Amino acid sequence: MVLNTAQPDGDDYVAMKQQFCDLFRRFRNESDILRDSKQILTHIIDSSRIAARIITLEQLLEVLEQRDELSADNVTILKEWPVALKCFTIQPMLEQYEKLQDVYSKEQRCNVCQVVVEHNLKLPDPKPEKPVENKEKEATDNSEDLDDAFDAIAQHLGRSWKDLGRKFRLSEYDIQDIDDKEKRLVDRAYSVFTYWKEKAGNDATVMTLIQVLQKCRRKDLVDILTKGKP
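Remember, it's a predicted structure, so these values are computed and weren't measured experimentally.

Rules behind the numbers
- Residues numbered from 1 in each chain as written.
- Predicted model: local features only at pLDDT ≥ 70, side-chain atom pairs only at ≥ 80, totals over all residues.
- Heavy atoms only, no water.
- Salt bridge = Lys/Arg side-chain N within 4 Å of Asp/Glu carboxyl O.
- Helix = DSSP H or I, 4+ residues; strand = E, 2+ residues; numbered from the N terminus.
- Buried < 20%, exposed > 50% of the residue type's maximum accessible area, 1.4 Å probe, protein only.

**Side note on the pattern of salt bridges**
- Using the criterion set out here, one finds 19 salt bridges in the structure.
- In this structure, Glu58 and Arg25 form a salt bridge, with 2.6 Å as the shortest nitrogen-oxygen distance. You can see Glu58 sitting in helix α5 (residues 57-66) and its partner Arg25 sitting in helix α1 (residues 11-27), a full 33 residues away along the chain.
- Residue class for Arg25 comes out partly exposed when judged on its relative accessible area of 27%.
- Between Asp177 and Lys181 there is a salt bridge; the shortest N-O distance is 3.2 Å. Placement of the pair is Asp177 and Lys181 together in helix α10 (residues 172-181), with a separation of 4 residues, close to one helical turn.
- Asp177 sits in the partly exposed class, given a relative accessible area of 28%.
- A cluster of three or more residues bridged by salt bridges with shared partners is formed by Asp22, Arg25, Glu30 and Glu58.

Structure representation (structure tokens):
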């Protein structure tokens, strides 16, 4: 992959997608790939009408972008979906792309520091550090609020627990493991929630939960959390 230092998140992303499609086509016939891929990604495409219109890999990638499942800084789905079809040749290219994006990110941070030094800019004074006991209390309060929020929707989540898990970036292996271990839908929902909460740490908030539910198209659950409507 040839880097374009002027537009690291634009041209390189476009080049990566094209290379992804080219490598996938070398693996199998495109029509066969699309047929099997639509089955694997049916929970994301979520429309038989849209699925019928997808006749190229490029169009499928566009749908993934529209569903917020694919972007320049998140190519997880491109790593997992081909593996489900036993195609492993794409992985090295995607890993290289992610490394390049990480390099660009570091360079951008360094450039900011350089500008500050060269122009003798004064950065705003940092906010006073909160006492440790206040931090711990705030973290506990946030955690309790999040637990209460999920308690309010868990019984209503139903079969959407898998979609929620995927939006929380659980792997298909983790989702299948939960499916095998837990028999009740509500228990599967709590397992997904616990996994995300532990993995996300301080980023696991009620607001994040609401945003993910919106992506899952569960307005009814969003209303429960925002308006108190069952």
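So, next bit.
**As for unusual backbone geometry**
- Of note in this structure, Asp46 is not a glycine but carries a positive phi near 55 degrees.
- Take Asp46: it is sitting in the loop between α3 (42-45) and α4 (48-53).
- With relative accessibility at 46%, the residue Asp46 sits in the partly exposed group.
- With phi around 70 degrees, Lys86 is a residue other than glycine that occupies positive phi space.
- Within the secondary structure, Lys86 is located in the loop between α6 (76-84) and α7 (91-118).
- The exposure class assigned to Lys86 is exposed, which follows from its relative accessible area of 60%.

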